[in-house]
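Results of the structural survey
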Amino acid sequence: MSKVATKKATTKKAAAPKVAAKKTPVKKAAASKTLAPAFATEPSPSEKAAFVKAMWHGVQPKAEAGAKKTKTPKAAAPKVEVLRKIPAKKAPVNTALSAQALALAKLIEKAFVADEIDQLQPHALQALMEALCRTYAAQVEADIHEGVISHNSLVSATDVMVVCGALLKAVDLQVFELGMWQTWSGR
Amino acid sequence: MTEQFIGKLSEFKDGDRQIIRIGDDEVGVFRHGGEFYAYSNFCLHAGGPACEGLMIARVEEHLRPDKTSMGLSFSPTDMNFVCPWHGYEYDMKTGACVADKRLKLRRYDVKCKGDEVYVVV
């Protein structure tokens, strides 16, 4: 049994180098074919001269290198999208009510200048003050920014303090509470 | 420079504004006093939505001849808008920051063709 095994082994060993001997020359030939143009051949003098000319003059407009330029695709139009629409705030319109209010203010002012403050009865003044307070507060809430009195008004600081104090007292509020509310609400 | 259609003229009433995304940019388009203004919606301070804040008239101080103050009042003509994040205020007509005129929001041209409004990007 051992003799047979050794014979088989020897035949395998003998056959193996034959296959290897056949394969190796093929690989070398392929390698030499691929490497040949890079190392073996040198450009002809005319090719060298053409290369130097091309480098010196740059790419000419009608040259092959110039003609091969591919057109760059046009940039796509940017997408337009409306994110938010913010409408204008409501502005007070010029109505007959405004004109009547202006006329009434002129009449009251005229009476005040003429020292006829008793011409306006307390309940009439109350009605006016209530309507003005409610309307002014509603306009502030509606984000209509106008000064409560004009910059060239004749209203004095004392007048303001008297009116503010009376208004706070009328609704049972302390100055401290006013200050706290203004701080908390950021007004 | 391309003109991007953003809407019909009838959609913009005086005082209206629209925030529009054009590609990667956000643009605030204002209509004020019959004129259109468009600015980048990114505040120069911290990138807040500058064009979405309060629109408020410019505050002016009137002086007497001896330079003492008569008080503050709102301008009847000039309008500003305020970034809602930190209160940077910008001029509606120029896009310049009120506190520092060197800072300006990126401005976009707005064109009206018939009833159509375009922003030039």
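Residues numbered from 1 in each chain as written. Chains lettered and ligands numbered in written order. Predicted model: local features only at pLDDT ≥ 70, side-chain atom pairs only at ≥ 80, totals over all residues. Heavy atoms only, no water.

Moving on, we come to the overall build of chain B. A count of helices and strands for chain B gives zero helices and nine strands. Along the chain direction, N to C, the helices and strands of chain B fall in the order β-β-β-β-β-β-β-β-β. The buried share of chain B, reckoned over its 121 residues, is 45%. Across chain B, every contact between residues at least 6 apart in sequence was considered, and the portion connecting residues at least 24 apart equals 46%. For chain B, the accessible area works out to roughly 6,400 Å², and carbon and sulfur atoms hold 51% of it. (Helix = DSSP H or I, 4+ residues; strand = E, 2+ residues; numbered from the N terminus. Buried < 20%, exposed > 50% of the residue type's maximum accessible area, 1.4 Å probe, protein only. Contact = heavy atoms within 4.5 Å. Areas by Shrake-Rupley, 256 points an atom, 1.4 Å probe, with all protein chains shown as cover.)

Across its full length, chain A holds seven helices and one strand. Going from N to C terminus, chain A has its helices and strands arranged as α-α-α-β-α-α-α-α. Expressed as a percentage of the 187 residues in chain A, the buried residues total 3%. Surface exposure of chain A reaches about 17,400 Å², of which carbon and sulfur atoms provide 66%.

In terms of backbone geometry, most residues other than glycine have negative phi values and most peptide bonds are trans. Unusually for a residue other than glycine, Asp115(A) sits at a positive phi of about 60 degrees. Take Asp115(A): it is sitting in the loop between helix 4 (96–113) and helix 5 (122–141). By relative accessible area, Asp115(A) is classed as exposed at 62%. Phi at Lys67(B) takes a positive value of approximately 70 degrees, unusual for a residue other than glycine. Within the secondary structure layout, Lys67(B) lies in the loop between strand 5 (55–63) and strand 6 (69–82). Relative accessible area serves as the criterion here: at 65%, Lys67(B) is assigned to the exposed category.

Moving on: the pattern of salt bridges. In this structure the tally under the stated criterion is 12 salt bridges over all chains. The salt bridge partner of Lys48(A) is Glu42(A), with a shortest N-O separation of 2.9 Å. Here Glu42(A) falls in the exposed class, since its relative accessible area comes to 61%. The shortest N-O distance in the salt bridge between Glu26(B) and Arg84(A) comes to 3.9 Å. One end of the pair, Glu26(B), is in strand 3 (residues 25–32); the other, Arg84(A), is in strand 1 (residues 80–86), on a second chain. Residue Glu26(B) is classed as buried on the basis of its relative accessible area, which comes to 16%. (Salt bridge = Lys/Arg side-chain N within 4 Å of Asp/Glu carboxyl O.)

The subject of this paragraph is the nonpolar core. Within the largest apolar cluster, 16 residues are counted, with the highest numbers of intra-cluster contacts made by Phe30(B), Tyr39(B), Phe81(B), Tyr90(B) and Met92(B). Ranked by size, the runner-up nonpolar core spans 12 residues in total, among them Ile22(B), Val29(B), Phe36(B) and Ala38(B). (Core = buried A, V, L, I, M, F, W, Y, C linked by side-chain atoms within 4.5 Å.)

Counting from both sides, the interface comprises 15 residues of chain A and, opposite them, 24 residues of chain B. Both faces combined, the contact of chain A with chain B buries some 1,700 Å², and carbon together with sulfur accounts for 55% of it. Run the count over chain A and chain B and you get three salt bridges. A salt bridge links Glu52(B) to Arg84(A), with the nearest nitrogen and oxygen atoms 2.8 Å apart. A per-class count over the side of chain A that touches chain B returns seven nonpolar, two polar and six charged. Sheet topology note: the strand 1 of chain A/strand 2 (residues 17–22) of chain B ladder contains six bridges and is antiparallel. The partner of Ile86(A) across the bridge, within strand 2 of chain B, is Arg17(B). (Buried area = accessible area lost by both parts, 1.4 Å probe. Nonpolar A, V, L, I, M, F, W, Y, C, P; charged D, E, K, R; others polar. Pairing = 2+ DSSP bridges.)

The next point concerns the side chain of Asp91(B). Residues and elements named next belong to chain B. Mapped onto the fold, Asp-91 is located in strand 7 (residues 89–91). Looking at Asp-91, the relative accessible area reads 10%, which means it is buried. Of note is the side chain of Asp-91, whose polar atom sits 3.4 Å from the side chain of Arg-58. Aside from chain neighbours lying at most four places away, what touches Asp-91 is Tyr-39, Arg-58, Met-79, Asn-80, Phe-81, Ala-96 and Val-98. (Polar contact = N/O pair within 3.5 Å; in protein donor to acceptor, adjacent residues only side chain to side chain.)

Further remarks concern the confidence of the model for chain B. In the predicted model, chain B carries a mean pLDDT of 91, and the fraction of residues at 70 or more is 100%. Across chain B, the element-wise mean pLDDT spans from 87 in strand 6 of chain B up to 95 in strand 7 of chain B. (pLDDT = per-residue confidence, 0-100.)

Attention now moves to a nonpolar patch on the surface. Residue and element names in this part refer to chain A. On the surface, Tyr-136, Val-140, Val-148, Ile-149, Val-155 and Val-160 cluster together to form a nonpolar patch covering roughly 480 Å² of accessible area. Considering the arrangement of structural elements, one finds Ile-149 in the loop between helix 5 and helix 6 (157–170). Residue Ile-149 is classed as partly exposed on the basis of its relative accessible area, which comes to 42%. (Patch = residues over 30% accessible without salt bridge, like charges linked within 9 Å, V, L, I, M, F, W, Y side chains within 5 Å.)

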